[in-house]
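Reading the structure
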Amino acid sequence: MNDLGFADGEKRIGLHVLARNVYRGPHLFGRLPMIRIQVALGELEASPTDRLPDFTDRLLAALPGLARHGCSCPHEGGFPRRLREGTWLGHVIEHVALELQTLAGSPVSRGKTRSVPGRPGVYNILYRYLEEDVGLAAGAAAIALVAALLPVWFRRWDGGALLPAPVGGDGLDVGATVEHLIALRRRSALEPTTASLAEAARRRTIPVARLDQQGLLLLGWGTRQQRLRASITGRTPQIAVSLAGNKDATKALLTAAGLPVPKGIVVRTVEDALAAAQKLDGPLVIKPLDSNHGRGVSTFVETPADIGKAFDHAAKISSRVIVEKHLPGNDHRMLVVDGKLVAVAERVPAHVVGDGIRSVGELIAFVNADPRRGDGHESMLTKIRVDAALVDALEKQGRTIETVPGAGEHVLLRGTANLSSGGTAIDRTKKVHPDNRLIAEMAARAIGLDIAGIDFLSPDIARSVNETGGGIVEVNAAPGFRMHLAPSEGPARDVAAPVIAMLYPQAMTSRIPVVAITGTNGKSTTARMVAAILRGIYQTVGLTTTTGVYVNDLLLKSGDSSGPKSARMLLHNPAVDVAVLETARGGILREGLGFDYATVGAVLNISEDHLGVGGIDTLEDLAAVKAVVVRSVAQRGFAVLNFDDRRVRALARRSRGRIIWFSRTGSIAHPVMAAHVAASGRAILLEEDSGAASLVLYEGDQRTAIIPVSDMPASLGGAAAFNVENALAACAVATALGVTPEQIAKPLKRFTSNFTDNPGRFNIIDVHPFRVVIDYAHNIASMRALGHCLGNLNTGGGRSIGMVSMPGDRRDEDIMQMGATAVPMLDHIVFREGPDGRGRPRGEVLRLLEKGARSAGASARQVSFVLEERDAVLATLRLARPGDLVLLFPTRVEEVHGQVMAFQPETPESLSRGAVRADK
């Protein structure tokens, strides 16, 4: 690849998309969910907007809203000024993507475009999104639109867009693009009730996750979670929902409680309906026994013919129909949450007001053009549908859809006042009489609903129903909030906040403790040590590592689980009390973190690994990725940092939380450490205590020994310095969560480097005449760390034999250095390649390893080459003799462990057949 991201020798004239990412959690570029599109401009790098003829004028004509973008200016018009002064097309695409989303009904305004260091003409475009599908499509459409505006000699682009390049009279059809985005938003956006609850939860920093496309939300984490769909919560009793859906049962319960309800009779035939009408006398309401949203309801029914028609209408919804006396008054929806009335809206049936010119049909079209109106429940108001019920309502008034009402004439279009049938609402919350308030609250309790919509008829809601007449006609489960959130008249009511307060009173947290552990080496072992400590404190501990997702000892998912998807899996698990998350660089780069804030964020070390992969080319780049964890520590949380690593130490300034240092080689006398502890900071150090090396806690003027190194089996008596360092970090994390030194020491005394406690991490196996060590060491730093304790491992006095490799996505120089590093450590090396070739030609990794080994002085007798891991393990084990030490650095840890345990040592005559040289 050349500096522009193209294949060498390839010439690109127009835009070229190099990468796309959807960041769902905190990421390298910020905290907010964003989409990143990396583009190479090619020759367009030399053509900013001021050098593109007519580009700015045509762009602003296509999207006039861009004129309001302030860009870096604090006022409108900043972006047009940048266009005329000259800015690069990546920056333009950012603003167009934001504007297209806003036009589609997803208002977003945050974005940034940055050049990629060392790659001229390559830019990272980042912009905010609310719905992923809409955001991605807006980005693709923005590229297509910008490309279509370029002079003809620049118009070739390669974006893999989700939308075709817009076409039209000017080469553009922005309207069609926006309509497409609107359709996407309608399919993915939350309806108003659920959206208001999600927003109310976020205002209280309660985690919100969407579980399906039907609006099922998960609030909170682990054992603290709550679920809701619209205004049905996980606490809403099923029996209450069932009762509310049965209007006759509802009426019976309300009557038993002494609350005012209309008299009514349940019927199954039209004859029974006519008989019931004679008994009830006067205007009637006829409606299905179990419906909602006003479906099948007829009001002011009087004549036998109308009774028959109303019965047939209701019978289409339910086999049982209620015939009840029509109560006097206006229709009010009274919203009760957790037993308290929080809002009242007077509902006005769908209607139009004549102007003496337009017909009823034309007036309906005019009303429906209101941008607040949409189909179904997606918008704050619903469009008025012209259907049989509307035509029937007009007929009762002697009108048709073609009738032209006089100026100011009020034409009723529905008998019911539901918003779902096109009605409007007037806020009456402050006017409600105390008697009516209490009746509504008692009605919700009588049915047993935590959230209830009480349909209350009253001539004057400000006067007691005992004085005016009226009463309760329905109690609704899952009431909509639209009429309260955005009434046609009167102030909006924040009715979502009381629901969230019911689910999470102020004293209750929505979060479980989250520990995020990152670094180049030691993540898995440290995470497992922390989990082992916390098992003594919490009932259920969740753990993610590169070997799987665990809840206590139960493996839920095997395989590499160090990314955001696995983190979310644990946080969504309702049994988990605390989550310990191994957090690898790959997931951070791919989509960000799987959480917004961590209680504790730990960075263990930063050394060369994965450089040259994913745009991370230097240790400073890698430190920036690890810093994402530190930046995501909650303000009252803790950042646990390795004092001995200068790059990690520098991350302290990135943390909003408090710092806990850990150090294997540092001293409390160090000026920075001393000042930190003197200011009531914490530090975990390795020091001599009573003549033995111990892990020691410093906090203020207190010094507390936690555990001697000799009491930790995983430390190999202190020889395994890397596990001493991991234990220091684990102690620091535990103290951040309030665990005492005594509670920390006991689990560490039991934690060993066996396959059960810590699979694939320094597992010592003594079931053969030779010792086997399995370790996932996959970079040079981890290999060197293991090399330092070889003398303590090789207790049999024999040779050291090892299977060594490195993933193929590493740089050539790193693979060669791995080969060179193995030479002084091992008497014989079996280099293997599979299954980690990662796109390289077969055998290339072996050739690079050999080149590195030769540069370090390896002889032909010292090295062997086997392509596949399973064959390489077998070859290595067959080389071993009694007293030897075999080191295996595998990719498929479980498979290799099983292979070692099942291995049967062969006779001396067969040993020489194990190592074979691969063709290179």
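Residues numbered from 1 in each chain as written. Predicted model: local features only at pLDDT ≥ 70, side-chain atom pairs only at ≥ 80, totals over all residues. Heavy atoms only, no water.

1. Quick look at the sheet that holds strand β1 (residues 16–23)
The strand order across the open sheet built from 4 strands is β1-β2-β4-β3, with neighbouring strands paired in antiparallel fashion. Two strands lie at the open edges of the sheet, namely β1 and β3 (111–115), each paired on one side alone. Strand-to-strand twist in this sheet, taken as the mean axis angle between neighbours without regard to direction, amounts to 15 degrees. Here β3 pairs with strand β4 (residues 122–128) via 5 bridges, running antiparallel. Each bridged residue has a counterpart across the sheet, and for R114 the counterpart in β4 is N124. Across the face of the sheet, helix α4 (residues 132–149) comes into contact with β1, β2 (34–40) and β4 while running at roughly 25 degrees to β2. (Pairing = 2+ DSSP bridges. Helix = DSSP H or I, 4+ residues; strand = E, 2+ residues; numbered from the N terminus. Axes fitted to C-alpha atoms, helices over the stretch in contact; angles between N-to-C directions. Contact = heavy atoms within 4.5 Å.)

2. A word on the nonpolar core
Ranked by size, the top nonpolar core spans 45 residues in total, and within it I37, F55, L59, L89, V92, V96 and L100 carry the most contacts. Elements supplying a minimum of two residues to this core: β1, β2, α1 (55–62), α2 (78–85), α3 (89–103), β4, α4 and α5 (174–188). By residue number, the principal contributor to this core is α4, which donates 9 residues. Look past the residues within four positions of L89 in its chain and what remains in contact with it is L41, L44, T49, L52, F55, V146 and L150. (Core = buried A, V, L, I, M, F, W, Y, C linked by side-chain atoms within 4.5 Å. Buried < 20%, exposed > 50% of the residue type's maximum accessible area, 1.4 Å probe, protein only.)

3. Topic: the pattern of salt bridges
A complete count under the given rule lists 45 salt bridges for this structure. The residue E474 makes a salt bridge to K287 at a minimum N-O spacing of 3.5 Å. With E474 in strand β21 (residues 471–476) and K287 in strand β10 (residues 284–288), the pair connects residues that are 187 residues apart, well separated along the chain. Residue E474 is classed as buried on the basis of its relative accessible area of 14%. Measuring nitrogen to oxygen at the nearest pair gives 3.2 Å for the salt bridge that ties E699 to R682. You can see E699 sitting in strand β31 (residues 692–699) and its partner R682 sitting in strand β30 (residues 682–689), a full 17 residues away along the chain. (Salt bridge = Lys/Arg side-chain N within 4 Å of Asp/Glu carboxyl O.)

4. A short note on the confidence of the model for the chain
Scored by pLDDT, the chain has a mean of 90; 94% of the residues are at 70 or more. In the predicted structure, residues 157–170 sits below a pLDDT of 50 and forms 35 contacts with residues beyond four places in sequence or in another chain. Low confidence marks residues 910–920, where pLDDT is under 50. Its contacts with residues over four positions away, or in another chain, come to 20 contacts. (pLDDT = per-residue confidence, 0-100.)

5. Regarding the sheet that holds strand β23 (residues 541–545)
The 11 strands are arranged β25-β24-β23-β26-β22-β27-β28-β29-β30-β31-β32 in an open sheet whose pairing can be described as mixed. For this open sheet the edge positions go to β25 (554–558) and β32 (702–708), each flanked by a neighbour on one side alone. Across the sheet, the axes of successive neighbouring strands diverge by a mean angle of 20 degrees, strand direction being ignored. Relative to strand β28 (residues 633–642), strand β27 (residues 598–603) runs parallel, the two sharing 5 bridges. Following the sheet pairing, A602 is matched in β28 by V640. Across the sheet, helix α20 (residues 619–631) lies against β22 (514–518), β27 and β28, angled at about 140 degrees from β28, the strand it touches most.

6. Regarding the packing of helix α8 (residues 247–256) against helix α13 (residues 434–447)
Close contact between α8 and α13 brings their axes to 10 Å; oriented N to C, the two are set at 120 degrees. Our classification of the angle between α8 and α13 gives oblique. Two packed elements cross with a definite hand, and for α8 against α13 that hand is right-handed. Taking contact as the criterion, the partners of T250, L253 and L254 in α8 are, on α13, A443, A446 and I447. (Parallel < 35°, antiparallel > 145°, perpendicular 65-115°, else oblique. Left-handed = near helix turned anticlockwise from the far one by under 90°.)

7. Side note on the side chain of D645
Take D645: it is sitting in the loop between β28 and α21 (646–649). In this structure, D645 is buried with no salt-bridge partner, the nearest side chain bearing the opposite charge being R647 at 5.4 Å. Within the local environment of D645, its side chain forms a polar contact with the backbone nitrogen of I606, the two atoms lying 2.9 Å apart. Among the polar contacts listed, one links the side chain of D645 to the backbone nitrogen of R647, at a separation of 3.0 Å. (Lys, Arg positive; Asp, Glu negative; His and termini not counted. Polar contact = N/O pair within 3.5 Å; in protein donor to acceptor, adjacent residues only side chain to side chain.)

8. Describing the packing of aromatic side chains
Taken as a whole and assessed by the stated rule, the structure comprises 5 aromatic pairs. Ring centres of Y23 and F29 lie 6.1 Å apart, and the angle between their planes is 45 degrees; on these two criteria the pair is classed as tilted. Using a relative accessible area of 2% as the deciding quantity, one classes Y23 as buried. The ring of F366 carries R358 above its face, with NZ or CZ at 4.6 Å from the centroid. Across the ring face of W221, the terminal group of R511 is positioned such that the distance to the ring centre comes to 4.8 Å. (Phe/Tyr/Trp six-rings, centres within 6.5 Å; stacked < 30°, edge-to-face > 60°. Lys NZ or Arg CZ within 6 Å of the ring centre and 35° of its normal.)

9. Here we look at the environment of P151
Considering the arrangement of structural elements, one finds P151 in the loop between α4 and α5. Counting along the chain gives 691 residues from P151 to R842, while the straight-line C-alpha distance between them is 45 Å. P151 has contacts with L52 and P53, leaving out every residue within four places of it along the chain.

10. What to know about a nonpolar patch on the surface
Taken together, the side chains of L554, L556 and M569 make up a nonpolar region of the molecular surface, amounting to roughly 260 Å² of accessible area. In this structure, L556 sits in strand β25. You can call L556 partly exposed: its relative accessible area is 40%. (Patch = residues over 30% accessible without salt bridge, like charges linked within 9 Å, V, L, I, M, F, W, Y side chains within 5 Å. Areas by Shrake-Rupley, 256 points an atom, 1.4 Å probe, with all protein chains shown as cover.)

11. Here we look at unusual backbone geometry
Residue P835 is reached from G834 by a cis peptide bond, and omega for that bond is 0 degrees. With respect to the helices and strands, the residue P835 is situated in the loop between β36 (828–832) and α28 (844–855). Even without being a glycine, D54 presents a positive backbone phi close to 65 degrees. Along the chain, D54 falls in the loop between β2 and α1.

12. Remarks on the side chain of E324
Structurally, E324 is set in strand β12 (residues 321–325). The exposure class assigned to E324 is buried, which follows from its relative accessible area of 2%. Within the structure, E324 has its side chain in polar contact with the side chain of K251 (distance 2.8 Å). Within the local environment of E324, its side chain forms a polar contact with the side chain of K287, the two groups lying 3.0 Å apart.

13. A word on the environment of A310
Following the sequence through the fold, A310 ends up in helix α10 (residues 304–315). Separated by 101 residues in the primary sequence, A310 and A209 have C-alpha atoms spaced 43 Å apart. Ignoring any residue separated from it by four or fewer positions in sequence, one finds A310 in contact with I286, S298 and V301.

14. Structural notes on the packing of α1 against α4
One can describe the packing of α1 onto α4 by two numbers: an axis separation of 10 Å at closest approach and a directional angle of 135 degrees. By the criterion of interaxial angle, the relationship of α1 to α4 is oblique. The two elements α1 and α4 meet at a crossing, and its hand is right-handed. Between α1 and α4, the contacting residues are F55, R58 and L59 on the first element and L145, V146, A148 and L149 on the second. Along the lines of polarity and charge, the residues of the contact of α1 with α4 split into 6 nonpolar, no polar and 1 charged. (Nonpolar A, V, L, I, M, F, W, Y, C, P; charged D, E, K, R; others polar.)

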